[in-house]
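Per-entry structural report
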Amino acid sequence: MLERPAREVAPLLLGAVLTRGVISVRITEVEAYLGETDPGSHAFRGRTPRTVTMYGPPGHLYAYFSYGMHVCANIVCSPEGTASAVLLRGGEIVAGLDEARSRRLTSKTDADLARGPARLTKALGIELGDDGADLNRAPFDLELPARLAAWATGPRTGVSGLGGGVDYPWRFWVPGEASVSPYRRHVAKRAG
C-alpha cells in the first residue's frame, strides 16, 4: 500500500496508528511531498545526505531537523529509489497518555499533545537518530486503518513559493478532529 506516490498514500494514513514504545498516536493530519518533482520537497534538488532516507524503502521513517530545533517525521512511500514521503502533522494520543504528557509539559490539553509535526514527534519520543527506522520493527509499529477515513484537503502549511499555496492542496486531515493543527500560510520575511 505504501509503494505509491505520497499524494495517494497521504489520505490512506489518516486513522492509522503509529506506535513508538508505549505511546501510540492515531494520525489525523498529514502532508504529501513528491520528491524531485515537488518544489516544496526536501528532495526537489535530488539526493543529498539529508534526503537519502526519502529514496529508501517505503514504510521507513524520514526524520529531520526543522528550523534547527525541532525533529519532524515522515513516512517514506513510493518504490525504493523514488523520493516520496508523507509528513506526520498531527494526531491523537490513544495509548501511553501519561508518558506523552510527561514529554509535553507545556500542552494545555490532551488534544495539543501531538497537534503539529514537532509536537507529534516529541510526544512519541522520535529523535533524529530514528531516521531510517523500519516502522514495522520495534520500537515502532504502524497499523494501517481497516477503512478509509473521511478527509478534507487544502494547501500545505508553511510552504512558500512554487511548492505552496492553492496549487498544492496536499495537506490532508480528518475534519472536526481537535488534534488537527490550524492552517498557517507561509509569510515571506522582508529584507531590512
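Our subject is the structure listed above.
Our subject in this report is the structure included herewith. (Residues numbered from 1 in each chain as written. Predicted model: local features only at pLDDT ≥ 70, side-chain atom pairs only at ≥ 80, totals over all residues. Heavy atoms only, no water.)

Things to note about the overall build of the protein chain
When you go through the protein chain residue by residue, the secondary structure sums to 3 helices and 8 strands. Taking 16 Å as the expected radius of gyration for a compact globule of 192 residues, we find that the protein chain reaches 15 Å, a close match to that expectation. Projected onto its principal axes, the C-alpha coordinates of the protein chain cover approximately 40 × 40 × 35 Å. Long-range pairs, those at least 24 residues apart, make up 59% of the contacts in the protein chain between residues at least 6 apart in sequence. Counting only carbon and sulfur atoms, one obtains 53% of the accessible surface of the protein chain, whose full area is about 9,600 Å². (Helix = DSSP H or I, 4+ residues; strand = E, 2+ residues; numbered from the N terminus. Rg over C-alpha atoms; globule rule 2.2 N^0.38 Å. Contact = heavy atoms within 4.5 Å. Areas by Shrake-Rupley, 256 points an atom, 1.4 Å probe, with all protein chains shown as cover.)

Concerning the pattern of salt bridges
Considering all chains together, one arrives at 12 salt bridges under this definition. Measuring nitrogen to oxygen at the nearest pair gives 3.3 Å for the salt bridge that ties Asp-130 to Arg-20. Here Asp-130 is found in the loop between α3 (117-124) and β6 (140-143), whereas its partner Arg-20 is found in strand β1 (residues 17-20), with 110 residues between them in sequence. Given the relative accessible area of 11%, Asp-130 is considered buried. Arg-156 is the partner of Asp-38 in a salt bridge, and the nearest nitrogen-oxygen pair spans 2.7 Å. One end of the pair, Asp-38, is in the loop between β2 (23-33) and β3 (61-66); the other, Arg-156, is in the loop between β7 (152-154) and β8 (171-173), with 118 residues separating them in the sequence. Grouping residues by exposure puts Asp-38 and Arg-156 together as buried. Look at the salt bridges and you will find they share partners, linking Glu-29, Glu-31, Arg-89 and Arg-171 into a network. (Salt bridge = Lys/Arg side-chain N within 4 Å of Asp/Glu carboxyl O. Buried < 20%, exposed > 50% of the residue type's maximum accessible area, 1.4 Å probe, protein only.)

Topic: the environment of Ser-24
Note that Ser-24 resides in strand β2. C-alpha separation for the pair Ser-24 and Gly-91, spaced 67 residues apart in sequence, amounts to 9.4 Å. Here Ser-24 is in contact with Val-17, Leu-18, Thr-19, Glu-92, Ile-93, Val-94 and Ala-95, once residues within four sequence places are set aside.

Quick notes on the nonpolar core
The nonpolar side chains of a soluble globular protein tend to be buried with one another. Ranked by internal contacts, the top residues of the largest apolar core, which has 38 residues, are Leu-18, Val-30, Leu-61, Val-86, Leu-88 and Ile-93. Elements with a minimum of two residues in this core: α1 (6-13), β2, β3, β4 (70-76), β5 (85-95), α3 and β6. With 5 residues, the top contributor of residues to this core is β2. Formed by 12 residues, the second largest nonpolar core is a distinct cluster that contains Tyr-62, Tyr-64, Ala-83 and Ala-85. (Core = buried A, V, L, I, M, F, W, Y, C linked by side-chain atoms within 4.5 Å.)

Things to note about α3
Residues spaced three or four apart along an α-helix face the same direction, because each turn holds 3.6 residues. Where α3 is concerned, the buried positions are Pro-117, Leu-120, Thr-121, Ala-123 and Leu-124. The buried side chains of α3 occupy one side of the element, clustering within an arc of 160° when seen end-on. (Arc of directions from axis to C-beta.)

Regarding the packing of aromatic side chains
Each aromatic ring pair is characterised by the separation of its centres together with the angle its planes make. Counted by the stated rule, this structure contains 3 aromatic pairs. Relative to Phe-172, the ring of Trp-151 lies with its centre 5.3 Å away and its plane at 65°, an arrangement referred to as edge-to-face. Within this pair, whereas Trp-151 is found in the loop between β6 and β7, its partner Phe-172 is found in strand β8, the two being separated by 21 residues in sequence. Its relative accessible area of 5% is what places Phe-172 among the buried residues. When the centroid spacing of 4.9 Å and the interplanar angle of 80° are considered together, the rings of Tyr-168 and Trp-170 count as edge-to-face. (Phe/Tyr/Trp six-rings, centres within 6.5 Å; stacked < 30°, edge-to-face > 60°.)

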